[in-house]
Structure formats: C-alpha cells, structure tokens
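Here are the chains, one letter per residue:
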Amino acid sequence: MIEFQNVSKWFGALQVLRDVNATVAKGTTTVLCGPSGSGKSTLIRTVNRLEPIQKGQITLSGRDIYAKDIDVNVLRSGIGFVFQQFNLFPHLSVVENVMLPLLRIRKQSRAQARPAAMQMLERVGLAEKANSLPADISGGQSQRVAIARSLILKPEVLVLDEPTSALDPEMVGEVLKLLRELSADGITMMCVTHEMGFAREVADRIWFLRNGTLTFDAEPTEFFSDDAHQDVRNFLSVVRKNH
Amino acid sequence: MLEIIQEYWLLLLIGEYPHGKLGGLAMTLIISFVSLIVTFPCAVLIALARTGKPGIVQSIANGFVHSVRAIPLLMLIFWAYFAVPMIIGFPIDAAFTLIVAIVIYQTAYLGEIIAAGITGLPKGQREAAAALGLGYIPTMFRIILPQAIFNVIPGIVNQLTTIIKESSLGSIIAVSELSYVMLQVNSNEVTKPLQIFGILAAVYFVLCFALSQATNWLERRISSRRTGQVVVEAVA
C-alpha cells in the first residue's frame, strides 16, 4: 500500500530521516512512536508531500508519489490527514468544514454535499454540532470533526499526527474510541502517538524511530516484549514512568 | 458660525448641484468610497503577491509598495494631474485623477494591512487546506483571505478614515470636495477663516470619529465571534 524506500530528508544541514525502509500493508494500522525529534511527524508528512524528501522513493498503491504525472492535489485528496492542532477552519461551521472538500474538490453542489457531510458527522457522533463554529466545541469534538473532514473524500489512507497530544486527558478517550472503530472498519491508517495502550490494542505494526532512523518495526506482541530493541525498551520505561 | 452654516449648508453638503457640479460632503464621500472600493481588490492582489512565492511577481509588488510608501500623496496627485495628460495627450477629470492617485497610494498601505492579516494566520490553516488537496486559488480565496480580511477589518475601516482625510488634497487640483467648497466660502467671507475652518474640522471629525466608533464596535463583534462568546452590551 505505502512503501518507503531509502527515504532521507534534511532540514538544511540537519538530516531528519535516514534511509527509512518500511511498508504499510493495505487495511492495517501502523503506529509510529519514538522520542521527540525522532522524525515521526516528518515521516508521515512525507506521505502526502507536505514535506518533500531529498532521497529515496515513496510509493502509494505502487505509484511513485513524486512521479511527474502525479497531481499533488489529487494525491493529497486521496490521503486523509489529521493534525495535532486540528486545524479546523474557524470561519466555517462544523458541517461547512466537512463539506468543503466535497464542494471544492469533488465540485458537488451544497445540496449534494450537506447530506454526505451530515452522515459523516453522525459517524463521529457530532451531528448535533453541525451548525456550531469550531470555537464553540471542545478539543475532543474538534479533533473528531477534523477526522470527519479528512474522511469525507473516502481516502485510501488516513494519516494522523499525534491526534490526542493537544487534548485534555478526559477528551483523549473519545478520539481513541473513534480511531479504534476506524481501524476495525479496515481503513489503512498511520498514526503517530504516545498512547501506548492504544498502540498495543489497535496497531498491526509499530514503528520506532530514533534520530531519523527506523530502528524497530514489529507487531505489538514483539514490540512490548522483552525481545524488543534496547531503544524501544528504554523508551517504554520512560513512557511508563511518566504515566 | 451658525450663520455660515445657515447660509452655506447646501453648498457644504452637495456643492453647486443641481445647477452645477456635485461637490461638498457628498463629493468627499463619493471619492472616499469609490477609492476604497477600487483600492480593495488591488490591495488584495498586492497582498497575495507580497506573501506568495518569491519571484518576479513578488519583486514587482515589493518594488511598488516600497516606492509608493517613499513618496508623498500630494506628489502622486500632481503627477496624475499634470504629467499624465501630457503623456496620454488629453486632459483627465480632476476627481478621476484624485481617485486614481488615492487608489495607487492606498493600495500600497491597504495591501500591507491585508498581507499582515495573511501572515498572521497560523501556518496550520494553509497546511490543512493543502492536505485536503485544495489548490492555491481555493486555499487563498476560501480559507486564507476570508480569515485574514475578517481579522483586519478594523485596519481596513481605519484606512477609510485616512482616505476621507486624504481626499481633502483634491482642493489643490480644484476637485470640488468638502475642503475646496470651504475654501470658496472662505473667499466669499474673507473675515471669518476661524469659523469656516472650524466647521470644516468639525465635519471631518464627526465623519472620522463615527467611523472609528464603528471600527471599535466591529472589533468587539469580531473578537466575540471568534471566541464563541456573546458580548453583553452595557445597558445605560
């Protein structure tokens, strides 16, 4: 589904990704974890070319995402992306946020787009907030709207960059519950998170990055076992101490 | 002062209209609003160029803004009034000349205000639009500009008060706006300059003060809308 081949990236002189080689299989959930500055967010932002790479190749369903005939906007509309800070459009209501991709990318009329957007809002449990402004809803609700917006174009892949990190603890649960449901529905998902319980429960593969290198790629049972890479065990012990 | 108002109030309001040209306060308002309406899209284009990708368009926009900000409006008016007819070979209406000069001048300033609104938005807004697959035009016109312009409405209204004041420079090239009319009144009533220019100052003050109050009201409305809170107006 998504294949990273020798992917490297630099910010100026600083190398932030080092020859990453990995595959995300269709219909699976991959969780990325690692210490701050390890390159997790940068790696997932390369999937829809929000961050360009300087070396290597990324293929989505067998097609090089940097191929000359690839329209970057078409590529992006096929990849749902959820940000840590939600990034809802504050001048649009909740339902207008979800409708926007249908109106502007699918060129649907408002009459066509609104029922589809309402259906998506029902799926994330926020139909009753359709006419609210983003400023009027909670962080957890905002993130669920952001997920609804990212799913409205029925993307092949859903990519989430620390979707619960900006939330109050009591709101984390509602977002993780939704992500569990999406994972169970079989959507291909890549998620950067520090929620190790979620990773253990939902992930098919867990990737561990350190200093831009993918040091460990394993199933959850192996990841959380004593056989895991030393870096992973150190990381997990720090995470456990902090929780 | 009252007798001057009683005698000249119609001239002050509409100039010599309907027996002659429209003038006075009506002309000042027309020049100001037409200037703002024409300036606005020009300023949006300058702001987009200034905040867009570096290149020839941005360089031209930068050159325009820096040049215009370095010269006085009066010089621009003289240029438009005296030099342009010599270049194009036929005379131009003075009011039209004034509007063109104000538009050029204010495009640089209003463009900077809108550019500040664009750069002041969180980077995530543009990224979110890009991640959805929106191209440059829908991103700017549906996502970025509505928010940027909304946030700088007070600055835009403030520029309108500046334009109203700048329109008084039209009196130099015989545009029969408010200041020009009052200069004519002063010529008739030679001994009352204090009262005449007192009235002129009062009219400008009332106009601009009303606009600045409207700006304050708008600012309160905007902040309440953005924070999702209802502003409770004090009941006197």
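Let's shift gears to the overall build of chain A. Looking only at helices and strands, chain A features nine helices and ten strands. A compact globule built from 243 residues should have a C-alpha radius of gyration of about 18 Å, and chain A, at 18 Å, falls within 12% of that. Across its three principal axes, chain A shows a C-alpha extent of roughly 55 × 45 × 35 Å. Scored against the burial criterion, the 243 residues of chain A give a buried share of 46%. For chain A, long-range pairs separated by at least 24 residues make up 66% of all intrachain contacts whose partners lie at least 6 apart in sequence.

On to helix H5 (residues 94–119) of chain B. Between its terminal C-alpha atoms H5(B) stretches 37 Å, which fits the 38 Å expected from 26 residues at 1.5 Å a residue. In H5(B), a bend of some 30° at B:Gln106 exceeds every other bend along the element.

All names here are of chain B. For the pair helix H4 (residues 73–88) and H5, the least separation of the axes is 9 Å and the interaxial angle reads 135°. When the interaxial angle is binned, H4 and H5 end up oblique. Here H4 runs over H5; the crossing is right-handed. Each of Leu 73, Leu 76, Ile 77, Ala 80 and Tyr 81 in H4 lies in contact with H5, whose residues at this interface are Ala 94, Thr 97, Leu 98, Val 100, Ala 101, Ile 104 and Tyr 105. Grouping the amino acids of the contact of H4 with H5 by side-chain chemistry returns eleven nonpolar, one polar and no charged.

Here the focus is the interface of chain B and chain A. Contact with chain B, which involves 19 residues of that partner, is made by 19 residues of chain A. At the level of elements, helix H6 (123–132), helix H7 (136–151) and helix H10 (193–227) of chain B are the ones that each hand at least two residues to the side of chain B that touches chain A. Taken together, the residues of the side of chain B that touches chain A sort by class into nine nonpolar, seven polar and three charged.

All names here are of chain B. Positionally, Arg 50 belongs in helix H2 (residues 24–51). A residue is classified by how many C-beta atoms lie within 10 Å of it, and Arg 50, with 20 of them, is buried. The spacing of Arg 50 and Glu 112 is 62 residues in sequence and 8.3 Å in space, taken between C-alpha atoms.

So, about the environment of B:Ser32. Residues and elements named next belong to chain B. With respect to the helices, strands and loops of the structure, Ser 32 is situated in helix H2. C-beta crowding within 10 Å serves as the criterion here: with 23 such atoms nearby, Ser 32 is assigned to the buried category. Each C-alpha atom, one on Ser 32 and one on Ile 114, is 19 Å from the other, the two residues being 82 residues apart in sequence. Sequence-distant contacts of Ser 32, that is, excluding residues within four places in its chain, are made with Leu 160, Ile 163, Ile 164 and Ser 167.

What follows concerns the sheet that holds strand E10 (residues 213–218) of chain A. Residues and elements named next belong to chain A. Taken in spatial order, the six strands of this open sheet run E6-E7-E8-E3-E9-E10, and their pairing is mixed. Two strands in the sheet have a free side with no partner beyond their single neighbour: strand E6 (79–82) and E10. For this sheet, the mean inter-axis angle between neighbouring strands, taken without regard to orientation, is 15°. Pairing of strand E7 (residues 157–161) with strand E8 (residues 188–192), which is carried by five bridges, proceeds in the parallel orientation. The partner of Val 157 across the bridge, within E8, is Thr 188. Running at roughly 165° to E6, helix H5 (residues 139–151) makes contact with E6 and E7 of the sheet.

As a further point, take the environment of A:Gln57. Residue and element names in this part refer to chain A. When you line up the elements, Gln 57 lands in strand E4 (residues 55–60). Taking the C-alpha atoms as reference points, Gln 57 and Ala 228, separated by 171 residues in sequence, lie 28 Å from one another. Apart from the residues lying within four places of it in its own chain, the contact partners of Gln 57 are Gln 5 and Asp 64.

Glancing now at the sheet that holds strand E5 (residues 63–64) of chain A. Residues and elements named next belong to chain A. Read across the open sheet, the four strands follow the order E2-E1-E4-E5; overall the sheet is antiparallel. A strand with exactly one partner marks an edge of an open sheet, and here the two such strands are strand E2 (14–24) and E5. Note: strand E1 (residues 2–11) against E2, seven bridges, orientation antiparallel. When the sheet's bridge partners are listed, Phe 4 is paired in E2 with Ala 22.

Residues and elements named next belong to chain B. Of all residues in chain B, 95% attain a pLDDT of 70 or more, and the chain-wide mean is 88. Here residues 228–236 scores under 50 on pLDDT; set against residues more than four positions off or in separate chains, the count is seven contacts. Confidence estimates for the predicted assembly give a pTM of 0.85 and an ipTM of 0.89.

Further remarks concern the pairing of E7(A). Within E7(A), five of the five residues are buried, leaving the element largely enclosed by the surrounding structure. Neither face of E7(A) is exposed, since A:Val157, A:Val159 and A:Asp161 on one face and A:Leu158 and A:Leu160 on the opposite face are all buried.

One can expect most non-glycine residues to show negative phi and most peptide bonds to be in trans. Even without a glycine there, the phi angle at A:Asn6 is positive, about 50°. When you line up the elements, A:Asn6 lands in strand E1.

The next thing to look at is the nonpolar core. Judged by nonpolar contacts, the single largest core of 122 residues is most densely connected at A:Leu32, A:Val98, A:Ala117, A:Leu121, A:Val159, A:Met190 and B:Ile114. Take this core: its biggest share by element is 13 residues, from H5(B). Not counting chain neighbours up to four residues away, the residues in contact with A:Leu32 comprise A:Lys40, A:Leu43, A:Ile44, A:Met190, A:Cys191, A:Val192, A:Trp207 and A:Leu209.

This part takes up the confidence of the model for chain A. Any region with low pLDDT has predicted coordinates that should not be read closely. Residues with a pLDDT of 70 or more make up 99% of chain A, whose mean pLDDT is 91. In the model of chain A, helix H9 (residues 230–242) of chain A stands out as the element of lowest mean pLDDT, 81, in contrast to helix H3 (residues 94–104) of chain A, which has the highest, 95.

Analysis parameters
- Chains are numbered independently. Their residues run from 1 in the order of the written sequence.
- For this description, chains carry letters from A and ligands carry numbers from 1, given in the order in which they are written.
- Local features in a predicted model are, by the rule used here, given only for residues with pLDDT of at least 70; side-chain atom pairs are given and counted only at 80 or more, and totals for whole chains, interfaces and linings are based on all residues.
- A run of H or I in DSSP counts as a helix once it spans at least four residues, and a run of E counts as a strand once it spans at least two, with each numbered from the N terminus.
- Restricting the calculation to C-alpha atoms gives the radius of gyration, and the globule rule supplies 2.2 Å times the number of residues raised to the power 0.38.
- Exposed residues have 12 or fewer other C-beta atoms within 10 Å of their own C-beta, buried residues have 20 or more, and residues in between are partly exposed; the C-beta atoms are placed from the backbone.
- Here contacts are defined at the residue level, using C-beta atoms placed from the backbone and a cut-off of 7 Å between them.
- One fewer than the residue count of a helix, multiplied by 1.5 Å, yields its expected span.
- Here the bend at a residue is taken as the angle between two axes, fitted respectively to the seven residues that end there and the seven that start there.
- Fitting a line to C-alpha atoms yields each axis, with helices limited to the stretch in contact; the angle taken between N-to-C directions then spans 0 to 180 degrees.
- We call two directions roughly parallel when the angle between them is under 35 degrees, roughly antiparallel when it is over 145, roughly perpendicular when it lies between 65 and 115, and oblique otherwise.
- Crossing chirality is assigned from the near helix's rotation relative to the far helix, an anticlockwise turn below a right angle marking it left-handed and a clockwise turn marking it right-handed.
- Each residue receives one of three labels: charged for Asp, Glu, Lys and Arg, nonpolar for Ala, Val, Leu, Ile, Met, Phe, Trp, Tyr, Cys and Pro, and polar for the others, Gly being one of them.
- If DSSP finds at least two bridges between two strands, the strands pair.
- pLDDT: the predictor's confidence for each residue, scored from 0 to 100.
- By our criterion, buried Ala, Val, Leu, Ile, Met, Phe, Trp, Tyr and Cys residues that link up through C-beta atoms within 7 Å make up a nonpolar core.

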